[in-house]
Structure formats: C-alpha cells, structure tokens
Amino acid sequence: MNSKRLLSVASFIDNNDKLIDVGCDHGYLGIYLKKNNKCKDLLLTDLRESALSNAINNIKKYNLDIKVLKTDGLNNIDLDKYNCISICGMGTSNIIDILSKLKNNNSIKKLIIQSNNDLDILRKNINNLGYNLDDEITIKENDIFYVICKFVKSNKKLDNNTILFGINKEDKKEYYHYLLDYYNNILDKIPLDNKDREDIIQKINIIEKM
Ligand SMILES: C[S@@+](CC[C@H](N)C(=O)[O-])C[C@H]1O[C@@H](n2cnc3c(N)ncnc32)[C@H](O)[C@@H]1O
C-alpha cells in the first residue's frame, strides 16, 4: 500500500486490536493490516455493493481471509466483538451519524478517524460521545492535508483550542501555515463591518500562538 494517509491510519492500530473498518471501499487498509499481521480481528464494511465487490476482488488477489459485510454504518454488527473502529475518507456529518450508535457501547475503546471536512465539529462531537483525542498525525498527500485522529474512550473534556485546531505537534507546522493563509485571505475579502471578522481574527490569533 503506498497511501501515506492509510499508512498513517494503520500506524494507530495495534496487534491486539479487533477492528471494524467502516466504508472500506477498495479494502486497501484491511488488506495491508492482514498481510502484515497488524491486528487480531478485522471486519471490512461498506454501504455500496460495488465497493464491496472491489474489496473482495482485491482480497482474493492476495489470497487473504478477511470478513466483509454490506451494511450502513454500524448496523447489523455485534460491536461487543470489536474494540476499535476506523472511518476514513468520509465527511464529518456522515461519520458522526455512524458513530451515534456508540452511545451506550462499552467495548469500542478506540476510534481512528480521517474526516474530509469540519474537523472542529468532528472533535467536539466525538468528545461528547465519551472519547478523548489521544493523538493526531497530519500529512500532506497529493497537495491535500489530512489529519488522522486517534480517539480513546475517556470522559476527559477537550479544551476549545484543541477542538478547533487539534493537537499541536511538529507535523502540524505546514498545516497551520496553510490555515493562517486561508483565514487571512478570507479576512482580506470581507467588509470591515461584517460580524464574522471577530471570529476569524480570534482563530488567526489562536493559530499564531500554536
Ligand atoms: C471515499 S471512500 C474512502 C475509502 C477508504 N476508507 C479510504 O479512506 O480510502 C468512502 C467509502 O465510504 C462508504 N460509505 C459512505 N457512507 C457509508 C455508510 N454510512 N456506511 C458504510 N459505508 C459508507 C462509501 O461507499 C465509500 O466506499
């Protein structure tokens, strides 16, 4: 597998993890994990028949034995058999919707999430579900920034800056510069009397400190 993004996701999986990869599509993450004995149990799911048959063909190419299931989100899955869920390459509202099934669940201790948008809303909602942001990996692939978030079961509440901009690590440097340019560009374009300016200025100040 040569996707830096999916390799970063895989680096958060441990040998003892029993993982559900929701929205597996091609199945590359699961195939990499299985081939390299990186987890104890594995279930690949997808909503779309075509995605699953793609995954099944790829699994066959490597002669691997991996469970697959066509289902919407976490429906029809015995969650008690797993301790970890990965959801990558989807939008935040879809991810939050899928994870809402975890409200009364105790077996899923770890979530590895790579959302395509609204990371602040993602962090806040997953934190409210009873998971703390434990680590993040930020990478740039094909000129796009990806933040891969690892959450672990905990009632610890995230502070506002972490919700907005994530864990302040060395690998965020280029990403934060990108965000600064992004918000400064918006600020340049909106009129001086626009009420949104205050919010953007506040965000710029936080990123500059980070
Ligand atoms: C862009 S692909 C990402 C594939 C892979 N996870 C990755 O990161 O490379 C998103 C996949 O999620 C699937 N998907 C979207 N909503 C879903 C849901 N509610 N339940 C299961 N799969 C879903 C889509 O069918 C698609 O195959």
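Residues numbered from 1 in each chain as written. Predicted model: local features only at pLDDT ≥ 70, side-chain atom pairs only at ≥ 80, totals over all residues. Heavy atoms only, no water.

Section: the pairing of strand β1 (residues 18-22)
Then, number 1: Counting buried residues in β1 gives four out of five residues, a clear majority hidden from the surface.
Then, number 2: In the sheet, β1 pairs with strand β2 (residues 41-46) via five bridges, with the strands oriented parallel. Its bridge partner being in β2, Leu-19 is matched across the sheet by Leu-42.
Then, number 3: A crossover links β1 with its parallel partner β2, the connecting element being helix α2 (residues 28-35), and its sense is right-handed.
Then, number 4: Across four bridges, the pairing between β1 and strand β4 (residues 84-90) is parallel. Bridged to Ile-20 within β4 is Ile-85. (Buried < 20%, exposed > 50% of the residue type's maximum accessible area, 1.4 Å probe, protein only. Helix = DSSP H or I, 4+ residues; strand = E, 2+ residues; numbered from the N terminus. Pairing = 2+ DSSP bridges. Right-handed = clockwise from strand over helix to strand, strands pointing away.)

Here we look at the domain arrangement of the chain
Then, number 1: Each assigned domain of the chain is listed here: domain 1 (4-164) and domain 2 (168-210).
Then, number 2: Between the C-alpha centres of domain 1 and domain 2 there is a distance of 29 Å.
Then, number 3: Counting residues at the interface gives ten residues for domain 1 and nine residues for domain 2.
Then, number 4: For the domain 1 and domain 2 pair, buried surface summed over both sides reaches about 880 Å², with 59% attributable to carbon and sulfur atoms.
Then, number 5: It is Thr-138, Phe-145 and Asn-161 that lose the most area in domain 1 upon contact with domain 2, and together they represent 54% of the buried surface on that side.
Then, number 6: One can count three salt bridges joining domain 1 with domain 2.
Then, number 7: With its nearest N and O atoms 3.0 Å apart, the salt bridge here joins Lys-140 to Glu-174.
Then, number 8: At the boundary of domain 1 and domain 2, one finds five residue pairs in polar contact (both at pLDDT 80 or more).
Then, number 9: Residue contributions to the side of domain 1 that touches domain 2 peak at five residues, all from strand β6 (residues 131-141). (Domains from an automatic or database assignment. Contact = heavy atoms within 4.5 Å. Buried area = accessible area lost by both parts, 1.4 Å probe. Salt bridge = Lys/Arg side-chain N within 4 Å of Asp/Glu carboxyl O. Polar contact = N/O pair within 3.5 Å; in protein donor to acceptor, adjacent residues only side chain to side chain.)

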